[in-house]
Amino acid sequence: MRAVVQTVSRASVTVGDEVVGEIDNGLLVLLGVTHADTPQVAATMARKIHELRILDDEKSAADTGAPILLVSQFTLYGDARKGRRPSWTGAAPAEQAEPLVTAVVEALRERGARVETGRFRTHMLVESVNVGPRTVLLDL
């Protein structure tokens, strides 16, 4: 599992004409799932995201209650080492990835996080205003 975590002053996901997820002053998380990922990996990723000390004064979302906008992003497993066209073979198929993305969201909520999400298997417009900018790659 791979996540890009960014501090944002605001972020939103729009599908069609509907805003399906929106936060202010929190974390935007782009989450990719690969073939070997399991529910245990999802639980670990949720903990890492929630406790990542990336906010002001080296605080985490767990410390501050900062909201999280989590968006599934299979393209994090794109491989462009050969040629110019990325291969997506490293990404888990949607049928495997969707329950694991849901598991991360549920594990974050069980930890007390306020989590907004995108919508799986849709064309999403993701907007964000980065703070810092501070961006961290979590790769489990």
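Structure's up top.
Predicted model only: the values in this text are computed from it and were never measured.

**Let's talk about the pairing of strand E1 (residues 2–15)**
Most of E1 is tucked away, with eleven of its 14 residues classed as buried. Relative to strand E2 (residues 18–32), E1 runs antiparallel, the two being bridged by 13 bridges. Of the residues in E2, the one forming a bridge with Thr-14 is Val-19. With antiparallel pairing between neighbouring strands as the criterion, E1 and E2 make up a hairpin whose turn holds two residues, including Gly-16 at a positive phi of roughly 65°.

**Details of the sheet that holds E2**
Strands pair in a sheet through their backbones, by hydrogen bonds, and they do so in one of two ways: parallel or antiparallel. Pairing is mixed in the open sheet, where five strands are placed in the order E4-E3-E2-E1-E5. Taken across any chain shown, the strands that pair with only one partner, and hence form the sheet edges, are strand E4 (115–117) and strand E5 (125–139). Across the sheet, the mean angle from the axis of one strand to that of its neighbour is 35°, orientation sign disregarded. Note: E1 against E5, eleven bridges, orientation antiparallel. Within E5, the position partnered with Ala-11 by the bridge is Ser-128. Most of the contacts of helix H3 (residues 94–110) go to strand E3 (residues 68–72), to which it runs at about 170°, and overall it touches E2, E3 and E4.

**Some thoughts on the side chain of Gln-6**
Along the chain, the position of Gln-6 falls in strand E1. Residue Gln-6 is classed as buried on the basis of its relative accessible area of 15%. Sequence-distant contacts of Gln-6, that is, excluding residues within four places in its chain, are made with Gly-26, Leu-27, Leu-28, Ser-128, Asn-130, Arg-134 and Thr-135.

**Digging into unusual backbone geometry**
Look at the link from Gly-132 to Pro-133: it is a cis peptide, with omega at -10°. Counting through the fold element by element, Pro-133 comes out in strand E5. A positive phi angle, near 55°, is found at Glu-58, a position not held by glycine. Turning to its location among the elements, Glu-58 is positioned in the loop between helix H1 (39–51) and helix H2 (61–64).

**Comments concerning H3**
Counted at 1.5 Å a residue, the expected span for H3 with its 17 residues is 24 Å, and the 24 Å between its end C-alpha atoms agrees. Within H3 the residues assigned to the buried category are Ala-97, Leu-100, Val-101, Val-104, Val-105, Ala-107 and Leu-108. Axial view of H3: buried residues confined to an arc of 165°, hence all on one face. Facing away from the buried surface of H3 by more than 90 degrees, the exposed residues are Glu-95 and Glu-110. Buried residues along H3 sit in contact with E2, H1, E3 and E4. One or two positions beyond H3, positive phi appears at Gly-112, with a value near 100°.

**Remarks on the packing of aromatic side chains**
Under the definition given, this model contains one aromatic pair. Taken together, a centroid distance of 5.4 Å and an interplanar angle of 75° make the contact between Phe-74 and Trp-88 edge-to-face. In this pair, Phe-74 sits in the loop between E3 and H3 while Trp-88 sits in the loop between E3 and H3, placing the two residues 14 residues apart along the sequence. Classification of Phe-74 by relative accessible area gives partly exposed; the value is 47%.

Cut-offs applied
- Residues numbered from 1 in each chain as written.
- Predicted model: local features only at pLDDT ≥ 70, side-chain atom pairs only at ≥ 80, totals over all residues.
- Heavy atoms only, no water.
- Buried < 20%, exposed > 50% of the residue type's maximum accessible area, 1.4 Å probe, protein only.
- Helix = DSSP H or I, 4+ residues; strand = E, 2+ residues; numbered from the N terminus.
- Pairing = 2+ DSSP bridges.
- Axes fitted to C-alpha atoms, helices over the stretch in contact; angles between N-to-C directions.
- Contact = heavy atoms within 4.5 Å.
- Expected span 1.5 Å × (residues − 1).
- Arc of directions from axis to C-beta.
- Phe/Tyr/Trp six-rings, centres within 6.5 Å; stacked < 30°, edge-to-face > 60°.

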